[in-house]
Amino acid sequence: MANPALSNNPAFRNNAPVSAATLEELYERPSATPAETNRMTYEDTSVKTVVLFAVLLATSAVGWFVPGLAIVGALIGFVLAMVNTFKRQPSVPLIVGYAAFEGLFIGGITAIFERAYPGVAIQAVLATLVTVGVTLALFASGKIRASARATKIFLIAMVGYLVFRLIEAGIMLFAGPSSPFGLSSDVKVAGIPLGVIVGLLAVVLAAYSLVLDFDQIQQGVRRGLPAKYGWTGAFGLMVTIVWLYVEFLRIFALLSRR
């Protein structure tokens, strides 16, 4: 017994002739969109990114009033970042959890820096927004792209930056901290703290990391990946933008000490 709703429609009858008008209508009918097939889209990834940053802002308000939670947020946020980075399938609870704990960290350190150096928080926020906006605009216009050569240089520079930070942290741990900003803040090059120069290098690396994030999201959309991978794209953007913000916060705090 056929479904009456279909069998009563001439288009679904096996013996019903198909008119030229019907064939033309079927031919001109638009195909299913990525959203309808549960595929990754720019719009859906943007929504997921906004959701994550809404969570981060909510918990950062808690961190602002209870700065001591910054340590908890940093430790758990780092663990969740590692888990999400190496997890093959995106996990929404783990990604949202990362955003929540990272918010505690961001809110806490922002409060500490702002109380010590009034005005650095708004400067860091504006600098981060401008950098993200300019990078996105340049990428969307096709003026900058992720290339194999640039990515190799980026990876080499990243390794050098991480090694420098690890050595600096090790010296501070065993020799005792001389400055809350690290040893590089006590060394000056042409009157500029080495920490500022290193921070600007980190900003350039973070900006190119944004280009890589945009490129991966673009590739995911083009390949028609499942919509769940939009969470992975949003997570990657959050990690990079948080890193960028922290570097700007540190740079402006160092400049305020002069």
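Residues numbered from 1 in each chain as written. Predicted model: local features only at pLDDT ≥ 70, side-chain atom pairs only at ≥ 80, totals over all residues. Heavy atoms only, no water.

What follows is about the nonpolar core. Leu52, Leu210, Met238, Trp243, Leu244, Phe248 and Leu249 are the most contacted members of the largest nonpolar core, which has 52 residues in total. Of all the elements in the fold, those that place two or more residues in this core are α3 (42-65), α4 (69-86), α5 (92-116), α6 (120-141), α7 (148-175), α8 (194-222) and α9 (229-256). Top contributing element to this core by residue count: α9, with 17 residues. The contacts of leucine 210, once residues within four sequence positions are left out, are Val132, Thr135, Leu237, Thr240, Ile241 and Leu244. (Core = buried A, V, L, I, M, F, W, Y, C linked by side-chain atoms within 4.5 Å. Buried < 20%, exposed > 50% of the residue type's maximum accessible area, 1.4 Å probe, protein only. Helix = DSSP H or I, 4+ residues; strand = E, 2+ residues; numbered from the N terminus. Contact = heavy atoms within 4.5 Å.)

This model, assessed by the stated rule, comprises one salt bridge. We note a salt bridge from lysine 48 to aspartate 44, for which the minimum N-O separation is 2.3 Å. Here the residue lysine 48 and the residue aspartate 44 both occupy positions in helix α3, the gap between them amounting to four residues, near one helical turn. (Salt bridge = Lys/Arg side-chain N within 4 Å of Asp/Glu carboxyl O.)

When two helices pack together, their arrangement is given by the angle between the helix axes and the distance between those axes. Axis separation between α5 and α9 bottoms out at 11 Å; the angle between their running directions is 10°. By the angle class used here, α5 and α9 are roughly parallel. For the pair formed by α5 and α9, the contact residues are Val92, Ile95, Val96, Tyr98, Ala99, Glu102, Phe105, Ile106, Ile109, Thr110 and Phe113 on the first element and Trp231, Thr232, Phe235, Met238, Val239, Val242, Tyr245, Val246, Leu249, Arg250 and Ala253 on the second. Looking at the contact of α5 with α9, its residues break down into 18 nonpolar, two polar and two charged. (Axes fitted to C-alpha atoms, helices over the stretch in contact; angles between N-to-C directions. Parallel < 35°, antiparallel > 145°, perpendicular 65-115°, else oblique. Nonpolar A, V, L, I, M, F, W, Y, C, P; charged D, E, K, R; others polar.)

Here we take up the environment of leucine 75. Here leucine 75 lies in helix α4. Judged by relative accessible area, leucine 75 falls into the exposed class, the value being 57%. Distance from leucine 75 to phenylalanine 101, taken between C-alpha atoms, is 8.6 Å for residues 26 residues apart in sequence.

Here we come to a nonpolar patch on the surface. Residues Phe78, Val79, Met82, Val83 and Phe86 make up a contiguous nonpolar surface patch of roughly 510 Å² in combined accessible area. Turning to its location among the elements, phenylalanine 78 is positioned in helix α4. (Patch = residues over 30% accessible without salt bridge, like charges linked within 9 Å, V, L, I, M, F, W, Y side chains within 5 Å. Areas by Shrake-Rupley, 256 points an atom, 1.4 Å probe, with all protein chains shown as cover.)

Before going further, it helps to examine the side chain of glutamate 114. Within the secondary structure, glutamate 114 sits in helix α5. Despite its burial, glutamate 114 pairs with no opposite charge, the nearest such side chain being arginine 115 at 8.8 Å. At a separation of 3.0 Å, a polar atom in the side chain of glutamate 114 contacts the main-chain amide nitrogen of alanine 121. Excluding residues that lie within four positions of it along the chain, glutamate 114 makes contacts with Trp64, Gly119, Val120 and Ala121. (Lys, Arg positive; Asp, Glu negative; His and termini not counted. Polar contact = N/O pair within 3.5 Å; in protein donor to acceptor, adjacent residues only side chain to side chain.)

Take the packing of aromatic side chains next. If you walk through the whole model with that rule in mind, you get five aromatic pairs. With centroids separated by 5.8 Å and ring planes inclined at 45°, the aromatic side chains of phenylalanine 139 and phenylalanine 214 adopt a geometry described as tilted. Taken together, the residues span a long stretch of sequence, with phenylalanine 139 in helix α6 and phenylalanine 214 in helix α8 at a distance of 75 residues. Across the pair, exposure class does not vary: phenylalanine 139 and phenylalanine 214 are buried alike. An angle of 20° between the planes, with centres 6.1 Å apart, marks the rings of phenylalanine 248 and phenylalanine 252 as stacked. Taken together, the positions of phenylalanine 248 and phenylalanine 252, both in helix α9 and four residues apart, correspond to about one turn of that helix. For the pair shown, phenylalanine 248 and phenylalanine 252 are each scored as buried. (Phe/Tyr/Trp six-rings, centres within 6.5 Å; stacked < 30°, edge-to-face > 60°.)

Direction vectors running N to C along α6 and α9 enclose 135°, while the axes themselves pass 8 Å from each other. Taken together, α6 and α9 sit at an angle that is classed as oblique. For the crossing formed where α6 meets α9, the hand is right-handed. Of the residues in α9, those in contact with Val120, Ala121, Gln123, Ala124, Val125, Ala127, Thr128, Thr131 and Val132 of α6 are Ile241, Leu244, Tyr245, Phe248, Leu249, Phe252, Ala253 and Ser256. Within the contact of α6 with α9, the residues separate by chemical class into 13 nonpolar, four polar and no charged. (Left-handed = near helix turned anticlockwise from the far one by under 90°.)

This part takes up the confidence of the model for the protein. Confidence along the protein averages 83 in pLDDT terms, with 78% of residues attaining 70 or more. pLDDT under 50 marks residues 1-16. Its contacts with residues more than four places away, or in other chains, come to five contacts. (pLDDT = per-residue confidence, 0-100.)

All right, on to the side chain of threonine 240 then. Its place among the elements puts threonine 240 in helix α9. Its relative accessible area of 4% is what places threonine 240 among the buried residues. Excluding residues that lie within four positions of it along the chain, threonine 240 makes contacts with Ala206, Ser209, Leu210 and Asp213.

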